[in-house]
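Topology and contacts: notes
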Amino acid sequence: MPVGLFRVCLLVITAIVNHPLFFPKENGTVPENTEEIIQKMKEREESLRLEQLRLEREIAAQEATQKALEKAAVVVEESKEEKVRWDMWTALSMVVFLLIELWRQDFQEGNWQDTGGEEDDMAVLGKAFKGVTFPDKAVLASFYEKRILGTTGDMARMREMVEGFADDLLEALRSVCNRDADMEVEDCMGVGSMYENWRVRKPFVCDLIVPFAPPEPYCFCCQTWCSGDSFPPDEQGYGTIKVCRADEDATGCICDKTKLGEDMLCLLHSQVNSTRPSSEMEDLLCFKNTQYLDADQVMKWFQIAVTKAWNRISHKYEFDLSFSLLDSPGALKIKFKSGKSIAFNLTPVVQYENSDVYFISHFPRSSLAADIPSSTHWFLTFAVYERRFIQLVSKTLPANACHVSCLQILSFLHGKQCSLTGPSGLTNYHLKTVLLHLLQARPSQDWAPEKLEARLQDMLKFLEKCLHEKKLYHFFIGNGKVPAELGFPIIFQRAEPLNLFRPFVLRRDIYRKMVDTFHEMLRNMSALINEYTVNIPLAHTNGIRKE
């Protein structure tokens, strides 16, 4: 019974609660809210699906990008490995090539140094000597005595006369110059073949160089191609001269900034603020709007100064003085009333630091040689050291050594050949350079007077080798074996060797002319020597030919 009553009560309560009159509004919206919820759920499902698709696409794109990056990294790594392998092979090939080239040069030099004794020298002559008849010792001795010694006996008197007159002329030049504004001229020095006693061709010409310096408070700051500055290959052997105040460095600073460090920049005395009036620089013989010494300006100044000096002292002499060459500042000629004349060169030069290397304004050269790059580029001459080296070596050689005789004979033959076929790029300075190299390479006893023939053959062989290789190196530049007694500047010993034949490498016509002249000289050598030799039968000549 109680259970039944409880069930009835529960049924009534449930009916009352679910009656629409109690919750009419809420019960009426139930179907509508359900549809909205379902719709929102569908929209949410769709947005989630779209978001899932977007994320899947992004993940796929990232995976593709990662794969591309990994592939690119692999390609770069492979290329690096390939480049490393290629660089290694390239470097290895270059090393092998350099070793072969060094071995070839050493082999050739070894062959040259190991040519054997004097009797075997002719057996190793090059192709140029094929069919050449070479005079023997008797013919050479007779030729040298009658042709060379017979024409050079008055050289000493000529040198003495020219030096005395040059000293007087320079003293007069100092007197006519303004000591406060003009260049200061020092004493002259004799250089070249006349002072090394090997000149054989007439007319005899004395070469004198005259150092000069700027007036106070100026000084010369010299720069060479081997001093660390950038000079192109065709300007090797040249330098520039900058006119500076004595209390400033080459960059134009006067505040002693170098004590603060070489890489410190002075803003107070910079190059921009150190410009000087153009007229002041031109008075110091500089190129227009620069501080660099101009060789053309120096030439004009020196010619005017020499003319004034001669006008002051001309009444003391019974001869006339004139300039023999318009393009050379100091090419002078003395003309006597008898008609005879004496030529000499008085050339202004600038000393390089405290050495006997000089910047020369106008260097005597062949008309076929390369021109000077500009008037602010000065050629360096080592003539003083060359003279000293010959004097130093001569003290160690046997009495009456044949080194000067070899150079005289070769210079004579070359001059005669040029008079027949015209000038070539080969000069007496090249012949002298050959002798200097051989004097250093050969022992002293090899220059005994009885070995004249063998040493002359050595010079011809060496010259033939240089012509074939188009390489004849300057004796002093890059030569670490220069005797310490000479006091030669170390900067030039450490420099790269200077090839005197470099101008002919690209000028094939001049090189061909030079080689042809050398070959013609060899073929005509015996005839030229016999022409000036008397009382020596032709049977004394040795027709030694290369097998």
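Look a little higher up for the structure.
Figured I'd write up the structure that's included with this text. Everything numeric in this text was worked out from a predicted model, so none of it was measured. (Residues numbered from 1 in each chain as written. Predicted model: local features only at pLDDT ≥ 70, side-chain atom pairs only at ≥ 80, totals over all residues. Heavy atoms only, no water.)

1. Comments concerning unusual backbone geometry
Omega for the bond connecting Lys-202 with Pro-203 falls within 30 degrees of zero, at 5°, which places this linkage in the cis form. Relative to the helices and strands, Pro-203 resides in the loop between helix H5 (193-196) and strand S3 (205-213). Looking along the chain, the bond that leaves Glu-216 and enters Pro-217 is cis, with omega of 10°. Here Pro-217 is to be found in the loop between S3 and strand S4 (218-224). At Asn-197, a position not held by glycine, the phi torsion is positive, near 65°. In this structure Asn-197 comes out as partly exposed when scored by relative accessible area, which is 40%. Not every positive phi belongs to a glycine, and Asn-400 is a case in point at roughly 55°. (Helix = DSSP H or I, 4+ residues; strand = E, 2+ residues; numbered from the N terminus. Buried < 20%, exposed > 50% of the residue type's maximum accessible area, 1.4 Å probe, protein only.)

2. Examining the pairing of strand S7 (residues 331-336)
Two faces belong to every sheet, and in a regular strand the side chains alternate between them. The pairing of strand S6 (residues 319-323) with S7 spans five bridges and is classified as antiparallel. Bridge pairing in S7 links Phe-323 to Leu-332. Counting the residues between successive antiparallel strands, the hairpin from S7 to strand S8 (residues 341-351) contains four residues, one of them, Gly-339, with a positive phi of roughly 100°. (Pairing = 2+ DSSP bridges.)

3. A short note on the packing of helix H3 (residues 137-148) against helix H9 (residues 403-421)
The contact between H3 and H9 brings their axes to 11 Å, and the two run at 75°. By the angle between their directions, the pair H3 and H9 is classed as roughly perpendicular. Each of Leu-140, Phe-143, Tyr-144, Arg-147 and Ile-148 in H3 lies in contact with H9, whose residues at this interface are Ser-405, Gln-408, Ile-409 and Phe-412. Tallied by class, the residues present in the contact of H3 with H9 amount to six nonpolar, two polar and one charged. (Axes fitted to C-alpha atoms, helices over the stretch in contact; angles between N-to-C directions. Parallel < 35°, antiparallel > 145°, perpendicular 65-115°, else oblique. Contact = heavy atoms within 4.5 Å. Nonpolar A, V, L, I, M, F, W, Y, C, P; charged D, E, K, R; others polar.)

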